Amino acid sequence: MTVRQRLWRGVPYLILVLSVLPIIVGYFWLVLSSFMTRTEGLLPVGNLTLKHWSFLLEPPFGRGYPSIWRVTLNTFLIAAFMTIVVVLVSALTGYALSRLNFPGRKGFLSLTLILHAFPSVTLLIGTFFVLRALNLYNTSLGVGLVMVGFEMPFGIWLMKGFFDGVSWDMERAALIDGASRLQVWWQVILPTIKPGIAALAIFAFISGWNAWLIPKTFTIGAGQQATLSVYLQNFQGETVAVDWGSVTAVGLFQLIPVAIFFIFTQDLLLNIYSGGAKGGA
Amino acid sequence: MSVSNRRERGGVPSLSLREPFEQPSSIGAWLHSRRAAWAFMSPAVLLITLFFFIPVIVLLVLSLSDLKSANFGTFQWWLPTNWSLDNYSKIIGDRFISKFLGNTLFYVLTTLAIFNFGSALLIALITTHINRRAGFFFRLLWLLPRLTPSVVYILMWRRIAARAPHGILNQFLTLAGLGGGDNLLQTMPWVFVIIVNGLIGASFGLVIFTSAIEAIPRDYLTASKVDGASTLQTIRHVIVPMIRWPILFVLTFQTLSLLTSFEQILLLTGGGPGLFRTEVWALRAYHLALSTESGNTQWGYGAAWAVILVIIGVAAATIYMRVFKFDELVEEPKIDLI
């Protein structure tokens, strides 16, 4: 192989590396900044320090802010609530759409597909009034329910796909033996689609954990019901001189569960996001 | 007709309403089967009613009223006597309407062309033509912007664009003797708005194109090579024609998604700098009706801006469903009558 050919073979890799450079640089700076006194560009100024991580022990941005653990608990509860409800309701509905014949089934399925393509973010103004009417404005439950509702069409579609792929022999045997539909669903079918459930659960958890727009819109400020994203964002806006060190440390802290999924469920992630992604442009 | 009968016919257990089948023997059994269906369906029906149907209706009604923070609590926006189309004529007469329209078109088309479609296809082509593991690795890295919490992701970009000496890009520009070290979000906001959104959006097309390209039978590519086609010719004349449906799907889906997305713009520039420099249609609706900073919230007027996006959204989603033959996915269930 000539030198010229070798250079040509390098071009695709060069494009790939350049294309992922911003995000790599961003992550590099995030880590650097949280452990250094100060940074200028990508250069550290001062010494290695752990002081930016003191937020783990005391409220980071002064009094009046809730402690990080309170906020982390809120975020976790919202994400966990969302995961459980989305998986449960999608699995129920997906099963019915895949296996039962009832009036309105076809219409509901088309509706699910339309809603899946429909940008739910345009309904935020209407949702605001629904939450107020239900007395759920400025509550974690309200935030969780809205996110569950918006995630529903995708979840149903995904779950129906998984149920369609399950052979119905076992199910038929169980039904003939006198099991009820609900028993069949829970004891026979759900165990066979565990990978699908895992995929939807991971997707729902990450979107609940990361969410900013919906918690920000339906809660007031960074109070006791704040989530990590709202907390972190509030922090950047309010103080005149942003304490970049603490902000990056809190940001890294928020990234921990996402990083775990990123490292351990790579195949699953690439699969989910082919069907699941529609938000965020 | 029994279940086993159906199996004998095709091997594939596909049953449809179009086939004749026995009606359940008693009314009790019929009711029973419906009850099961509703037990399974009711949670989803409730959620979709609460968070899709009612909001759409509320939004429509609001857009006909003049509800704002000044008359909130006293104004009966739900009474038809208080309805009019004033908000819509107000939109048409808005001093900045051409600005918002122009911004939206520019943002959607540029981001779509360069990233959500362009980069997605390019990266999909490259990562399917290099070493498999390396390809997988780079695709995974491309997922990072989407997986990163948006607040943290925007935090990184703010730092990348910040003024000297803090800004990362400015550090390199200064070293090279270029640029005055100003905050780049002030001097070139659109560049960042487009890159920031594009890097998130491209992963959607990337994953879909990748699986489409990998599904092309190897023989076709080999045949093309044997015939002496160069890599570029193979891409142009074999690969792209074979993935035209995924391409159409990504283009339409991402157009709608970009048209209604504003979270990253809100975080990055807030629609600025200055007066509406990067304010897109969806962000305008949000600012009018849901932003608490201004103190003068106009739910009615903001809702009218949102209704226009909802109409486009419903129309587009319905059309995709027909174009992409979603109807075929709506086949009859496999077993019901036992």
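Residues numbered from 1 in each chain as written. Chains lettered and ligands numbered in written order. Predicted model: local features only at pLDDT ≥ 70, side-chain atom pairs only at ≥ 80, totals over all residues.

Engineer: Is there a simple way to think about the domain arrangement of chain A in this case?
Structural biologist: By a frequent convention, interface size equals the accessible area lost on bringing the separate parts together. Residue and element names in this part refer to chain A. Looking at chain A, the domain boundaries give domain 1 (3–49) and domain 2 (56–276). Its C-alpha centre places domain 1 at a distance of 32 Å from the equivalent point of domain 2. Of the residues in the side of domain 1 that touches domain 2, the class split is two nonpolar, two polar and no charged. (Domains from an automatic or database assignment. Nonpolar A, V, L, I, M, F, W, Y, C, P; charged D, E, K, R; others polar.)

Engineer: Sorry, what's going on with the packing of helix α4 (residues 97–129) of chain B against helix α5 (residues 132–147) of chain B here?
Structural biologist: How two helices sit against one another is set out by the angle between their axes and by the gap between those axes. Residue and element names in this part refer to chain B. At a minimum axis distance of 8 Å, the contact between α4 and α5 shows a crossing angle of 150°. The orientation of α4 with respect to α5, classified from their angle, is roughly antiparallel. Taking contact as the criterion, the partners of Ile 123, Thr 127 and Thr 128 in α4 are, on α5, Gly 135, Phe 138, Arg 139 and Trp 142. Here the contact of α4 with α5 is built from residues that sort into three nonpolar, three polar and one charged. (Axes fitted to C-alpha atoms, helices over the stretch in contact; angles between N-to-C directions. Helix = DSSP H or I, 4+ residues; strand = E, 2+ residues; numbered from the N terminus. Parallel < 35°, antiparallel > 145°, perpendicular 65-115°, else oblique. Contact = placed C-beta atoms within 7 Å.)

Engineer: What am I meant to see in the environment of Tyr 286 of chain B here?
Structural biologist: One can find Tyr 286 of chain B in helix α14 (residues 281–290). On a C-alpha basis, the gap between Tyr 286 of chain B and Trp 299 of chain B in space is 9.4 Å, while along the polypeptide they are 13 residues apart. The contacts of Tyr 286 of chain B, once residues within four sequence positions are left out, are Leu 124 of chain A together with Phe 262, Leu 266 and Ser 291 of chain B.

Engineer: Any chance you could explain the interface of chain B and chain A here in plain terms?
Structural biologist: Taken together, the contact between chain B and chain A spans 91 residues of the former and 78 residues of the latter. For the side of chain B that touches chain A, the element with the most residues is helix α2 (residues 27–64) of chain B, which contributes 18 residues.

Engineer: I keep staring at helix α7 (residues 181–189) of chain A and nothing clicks. Help me out?
Structural biologist: Within α7 of chain A the residues assigned to the buried category are Arg 181, Val 184, Trp 185 and Ile 189 of chain A. Projected down its long axis, α7 of chain A shows its buried positions confined to an angular sector of 100°, all on one face. (Buried ≥ 20, exposed ≤ 12 C-beta atoms within 10 Å, placed from the backbone. Arc of directions from axis to C-beta.)

Engineer: Got a minute to help me understand the confidence of the model for chain A in this structure?
Structural biologist: In regions of low pLDDT, the predicted coordinates are not meant to be interpreted in detail. Residues and elements named next belong to chain A. Averaged over chain A, the pLDDT score is 84; the fraction of residues at 70 or greater is 92%. For chain A, the element scoring lowest by mean pLDDT is helix α12 (residues 266–276), at 68; helix α2 (residues 68–99) scores highest, at 91. Note on residues 276–281: pLDDT is under 50 here. Beyond four places in sequence and across chains, it has 20 contacts. (pLDDT = per-residue confidence, 0-100.)

Engineer: Could you clarify how one ought to interpret unusual backbone geometry in this entry?
Structural biologist: What is expected of a backbone is that most residues other than glycine have negative phi and most peptide bonds are trans. Here the phi dihedral of Asn 135 of chain A falls at roughly 65°; this positive angle occurs in a residue that is not glycine. With respect to the element layout, Asn 135 of chain A can be found in the loop between α4 (124–133) and α5 (140–164). The phi torsion at Phe 276 of chain B lies on the positive side, around 60°, for a residue other than glycine. Note on placement: Phe 276 of chain B falls in the loop between α13 (263–268) and α14. Owing to 16 C-beta atoms within 10 Å, Phe 276 of chain B belongs among the partly exposed residues under this scheme.

Engineer: Just checking my understanding: could you explain the environment of Leu 16 of chain A for this structure?
Structural biologist: Tracing the backbone shows Leu 16 of chain A in helix α1 (residues 3–35). Excluding residues that lie within four positions of it along the chain, Leu 16 of chain A makes contacts with Ile 126 and Phe 138 of chain B.

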